[in-house]
Amino acid sequence: FQGYTGILQGLKSNPRLFDPCVDNLVSFLKMVSKDQTIDEEVFKSALTVVGDLANVYSSKVKALLNCDEIGSLVKDGLKSTDKATKAIAKATQKE
């Protein structure tokens, strides 16, 4: 996920270059959200990518991100006992 974060931030001024990959990335995030054995670091990174997508694409991806799986990912982050995870989830929710 850190690679996706770097790509999204790098293409922030011209996100259309990443357009062909958005659906696949969202599908991957949905799959990860269903994984009950996810590592905390992977979970934080997934939340970060959700926030990056929302930040870079704004309203263009809101419909894609406004689904049960992504919502569940953010809600689980807000419930986390890890302060960093909770902070990332809060920031993601604001995007």
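The structure under discussion appears in the preceding block.
Residues numbered from 1 in each chain as written. Predicted model: local features only at pLDDT ≥ 70, side-chain atom pairs only at ≥ 80, totals over all residues. Heavy atoms only, no water.

## Let's talk about the packing of aromatic side chains
Tallied over the entire structure, the rule returns two aromatic pairs. Pairing Y4 with F18 gives two aromatic rings, centres 6.3 Å apart and planes at 75 degrees, and the pair type is edge-to-face. Here Y4, found in helix α1 (residues 2-10), pairs with F18, found in the loop between α1 and α2 (19-33); they are 14 residues apart in sequence, far enough to count as distant. Y4 sits in the partly exposed class, given a relative accessible area of 29%. (Phe/Tyr/Trp six-rings, centres within 6.5 Å; stacked < 30°, edge-to-face > 60°. Helix = DSSP H or I, 4+ residues; strand = E, 2+ residues; numbered from the N terminus. Buried < 20%, exposed > 50% of the residue type's maximum accessible area, 1.4 Å probe, protein only.)

## Here we look at the environment of Y4
Expressed as a C-alpha distance, the spacing of Y4 and S45, which sit 41 residues apart in the sequence, is 9.4 Å. Among all residues touching Y4, those that are not within four sequence positions of it are F18, L25, F28 and V49. (Contact = heavy atoms within 4.5 Å.)

## Points about the pattern of salt bridges
Evaluation of the coordinates by the stated rule reveals three salt bridges. With its nearest N and O atoms 3.6 Å apart, the salt bridge here joins K44 to D82. Taken together, the residues K44 in helix α3 (residues 40-57) and D82 in the loop between α5 (68-79) and α6 (83-94) connect sequence positions 38 residues apart. Judged by relative accessible area, which is 13%, K44 ranks as buried. Residue D82 is classed as partly exposed on the basis of its relative accessible area of 26%. Through salt bridges with shared partners, one network takes in E41, K44 and D82. (Salt bridge = Lys/Arg side-chain N within 4 Å of Asp/Glu carboxyl O.)

## A few points about the packing of α2 against α3
One way to put it is that α2 packs onto α3 with a least axis distance of 11 Å and a crossing angle of 150 degrees. As for how α2 packs across α3, the hand of that crossing is left-handed. Contacts between α2 and α3 involve D19, V22, L25, V26, L29 and V32 from the former and A46, V49, V50, L53 and Y57 from the latter. Within the contact of α2 with α3, the residues separate by chemical class into ten nonpolar, no polar and one charged. (Axes fitted to C-alpha atoms, helices over the stretch in contact; angles between N-to-C directions. Left-handed = near helix turned anticlockwise from the far one by under 90°. Nonpolar A, V, L, I, M, F, W, Y, C, P; charged D, E, K, R; others polar.)

## Some points on α3
The terminal C-alpha atoms of α3, which comprises 18 residues, lie 26 Å apart, in line with the 26 Å expected from a rise of 1.5 Å per residue. Burial within α3 is extensive, with 13 of its 18 residues counted as buried. Its side-chain oxygen at 2.9 Å from the backbone nitrogen of E41, D39 defines the N-terminal cap of α3. One or two positions beyond α3, positive phi appears at S58, with a value near 55 degrees. (Expected span 1.5 Å × (residues − 1). Polar contact = N/O pair within 3.5 Å; in protein donor to acceptor, adjacent residues only side chain to side chain.)

## Notes on the packing of α3 against α6
Two elements in contact, α3 and α6, have axes separated by 9 Å at closest approach and are oriented at 15 degrees. Between α3 and α6, the interaxial angle falls into the category roughly parallel. In the packing of α3 onto α6, the handedness of the crossing is left-handed. Note on element contacts: α6 touches α3 through A84, T85, I88, A89 and T92, opposite E40, F43, K44, L47, T48, V50 and G51. Within the contact of α3 with α6, the residues separate by chemical class into six nonpolar, four polar and two charged. (Parallel < 35°, antiparallel > 145°, perpendicular 65-115°, else oblique.)

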